[in-house]
Every structure is written in structure tokens, then in C-alpha cells.
Amino acid sequence: MAPSVLKLPFSNSTVRVRLIDTTAVLTVRAESFIEPAQKGQETMNMTCAAFLIEHEPSGKKIMFDLGVRKDYWNLAAMIQERLGKVIPSLRVDRDTSEILVEKGISLESISSVIWSHYHWDHTGNMSLFPSSTELVVGPGFKDSPALLPGFPEHPDSPVCSSDFRGRQLREIDFKSNLRIDGFAAYDFFGDGSFYLLDTPGHCLGHMCGLARTTAGDDSTFLLLGGDICHFVGDLRPNPTYLMPDHIPAEVLDADPAYFPSPCPCTLFTDHHPLLPHGADLDEKKKTPFFRVSAHEKSAYVDPPIAQESVDKLLAFESSPQVLVCLAHDKTLHKHLPTLNEDPELTLNDWQERGWKEKCRWDWLNELPRNGKPGRKPVVEGFWRDGKPWDRSKVE
Ligand SMILES: [Zn+2]
């Protein structure tokens, strides 16, 4: 699919965006997330990003996603049951609320927490926020008998009622006529500085954020992807950003047993998962490596709709004005400044700093190459209080 030219709306209003490494790391079974899953990449590494968004004209601070709650053993029963079965490994060192407070951001100052969607690896622990912090969810949440009234009142609900009890629960509707490049949109502050986008396919009410990071005609944006897809290999390479003939040495993990120097792109394109071995090299250099999983155990409730959302996202990925940040992209924490390191550092000057280019090819490290497996697991087994934890002993 040829990417279209984006028609991003004009505004002179921006938000200040900071990235938080929520400290959650996990592995998941690749077949549920990408297609085709390959030998040597049976599991996928994931980190969890959250974003602090500050709207200076109103003085409001909001959060987009929270990662995983530190005491994940208190998640709803149906989630606990899935851990170990579909999630082989998980470690969470901090609650995002702790990180905020430690860096001088009071929880009272957070007026809203937006969940990109209601899944446990994005919802954090809302009960640690004061009741003045509203919770913002996507369309359909409030009317879903599968979710409300929440666990434990609803024994099979995946969400904890303690996350919304006693606070305003606001559901976004996308019924206005505002559309941004194929997605229904909601102007969160009413001035074009921050939009929510209706991005269906992964689960009920999934939303992305679109934050304007610089103002005016040539505005730049961060597309906060949540789980619109789970791996940037669904978007890269593409007809705008072709895989280079040689992968820049600084991109690849330092491991001479794995990578020749210089490293030709054919190390990867020869095993393009979606194209036959004999396909044209130029085609392989511009075709995304994966699609969203349509496996019987797919993490996407509606894989064809999810793929449609990803196809639309490709136009954003292809624009030099937009940096796409998927929630589980490990690359973000490697190359972008985090609030964890320095609370003053924002992502707003991402374009000037060349961070889009810097982040582009790191995902190749995750792929199998030359018959050897991809990057090692980011975490092995379950961890509790900084130590390995045998969950089977408590079950
Ligand atoms: Zn997720």
C-alpha cells in the first residue's frame, strides 16, 4: 500500500510531552502478536511506555497509560490466570505513580489518566491516584457487561473496580465530524494541541494519542500508539523509509558472532517473513516485515480491522512530521530521554534531534538472523520485590 500524504490539522497550540519508562518488562508469545511468527523469535520482548502530557494554557497535566501495577499479583483473577500461560515472564520494579512523585510531579496535579485501552499492562494502579484524577476510557467501555462493574464484583472482569471507584469515569465518544487522516478524532483540550484517535482492532475502545510537539504550518507530532500494534516491524521498512543497503553499525547490538561488519541488509531481507526468498530485493527493502496476528490465539479481537488501523498508521509513520511511539517498543527507552533520568527533558524537539532516524532500525536486533535466534529475553520468569518468584508455589 502506497502511503498517503498526511493532512494534519493546523494549530499554534502544543503540549509538552515527557516519556516515562514504567519499569515493566515482559515477554509474550510472538504468534499472538505478529504474523508470521518465525523460528528464533518465538517470544517477543516488551517494555511499557507511559507519557506525561502538559497543557500549559490550562495548567493541566494528564497521563497517557500507566504500564503495569507493581503488585501485579493483585490484578483481576482472570488476568492472574493468564500470566504464566500466555505471558512467560514479567518484572515490574516501580509503580508509575511512584516515579512521578519521586521526580517532583504530585499526583494531585494529574487531572486525567487516559487509558489507551483497558488491558492490565496499560492501566497501572489507579487507586494510588487521588479521587480528583478522572479516568478517561475509549468508546464502549461503560456499556460493556464484560468489564463493568469490574473485579471482584464481576468475578470474570479483567479490570479492577478499585481503578474507577469514587472517581469520574469519562468515556470519549468520537461522534463529532473531526477526522484526522482516516481516524475519527477527539480534540482533548479544544485547541488542537492533543487529540485522541479512534483506532479499533486490538480491543474494545482502543485509542491512540496525537500530541502536537511544535506549532504552526510545519507542526510536528508524537503518535502515542498504545497497542494499535505491538511491534514496529509491522510498519518498517516501508516505501518512504527503505531498509538501507548496509545496516548502520551503531544500530546493531555489539555481538560480532551475530553481525558481520559492515552488515548487509540481506542478512534480514533474505528472510523477509512475508515475501518469498526469490522476491525482488527492492520489494523486500520497502515492505513491512509483519502483519498483525490473525492466529487463533491472536491478541487482536478483530485482526482485519486491526490491520486496517495499522495500514492507516503507516501514513503517519511515513511522515517526517510524526514520530510513532508504540507502547511496547523497547527502542524508545534506549534512545529517547525519559522522565526517570531527568524530569526536565521533553520529547518535543524530537525532529530537530533526529530521534526518529535514531530509533528506526533497532527492532532488527529482535529478529533471528543467520539461523541464530534474535535478541535474548529482556526478563526470564516472574519477579517479585526485585527477586525471582516461583508463582506455581502460590497457585
Ligand atoms: Zn499492551
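Above this text you will find the structure in question.
A brief report on the enclosed structure follows.

Conventions adopted
- Residues numbered from 1 in each chain as written.
- Predicted model: local features only at pLDDT ≥ 70, side-chain atom pairs only at ≥ 80, totals over all residues.
- Heavy atoms only, no water.
- Helix = DSSP H or I, 4+ residues; strand = E, 2+ residues; numbered from the N terminus.
- Buried < 20%, exposed > 50% of the residue type's maximum accessible area, 1.4 Å probe, protein only.
- Contact = heavy atoms within 4.5 Å.
- Donors = N, O, S within 2.8 Å, 3.2 Å for Na, K, Ca; no water.
- Tetrahedral: all angles 85-135°; square planar, octahedral: opposite > 155°, others 65-115°.
- Disulfide = S-S within 2.5 Å.
- Pairing = 2+ DSSP bridges.

1. Structural notes on the side chain of S319
Alright, step 1. Tracing the chain through its elements places S319 in the loop between helix 6 (303-317) and strand 17 (322-326).
Alright, step 2. What makes S319 buried here is its relative accessible area of 7%.
Alright, step 3. Look past the residues within four positions of S319 in its chain and what remains in contact with it is L6, Y241 and K356.

2. Quick word on the coordination of the zinc ion
Alright, step 1. Protein coordination at the zinc ion: the donors are D121 (OD), H122 (NE2), D227 (OD) and H328 (NE2), at 2.0 to 2.1 Å from the metal.
Alright, step 2. In this structure, the zinc ion is coordinated by four donor atoms arranged in irregular fashion, with angles at the metal of 84 to 157°.
Alright, step 3. Positions of the donor residues of the zinc ion along the chain correspond to the pattern D-H-x104-D-x100-H. Of this pair, D121 sits in helix 3 (residues 120-123) while D227 sits in the loop between strand 13 (220-226) and strand 14 (246-247), placing them 106 residues apart in sequence. Comparing D121 with D227, the two get one shared label, buried.

3. Examining the state of the cysteines
Alright, step 1. Throughout the structure, instances matching the rule amount to zero disulfides.
Alright, step 2. With no disulfide partner, C48 has as its closest neighbouring cysteine sulfur the one in C325, 14 Å distant.
Alright, step 3. Counting only cysteine sulfurs, C263 is the nearest neighbor of C265, a cysteine outside any disulfide, at a range of 8.6 Å.
Alright, step 4. Accessibility expressed as a relative area gives 1% for C265, which makes it buried.

4. Some remarks on the sheet that holds strand 13
Alright, step 1. What the six strands build is an open sheet, ordered 9-10-11-12-13-17; its pairing is mixed. Of all the strands in the sheet, the pair left with one neighbour each is strand 9 (179-180) and strand 17.
Alright, step 2. Examined bridge by bridge, strand 13 and strand 17 share five bridges and lie parallel to one another. Counted as the bridge partner of L224 is C325 from strand 17.

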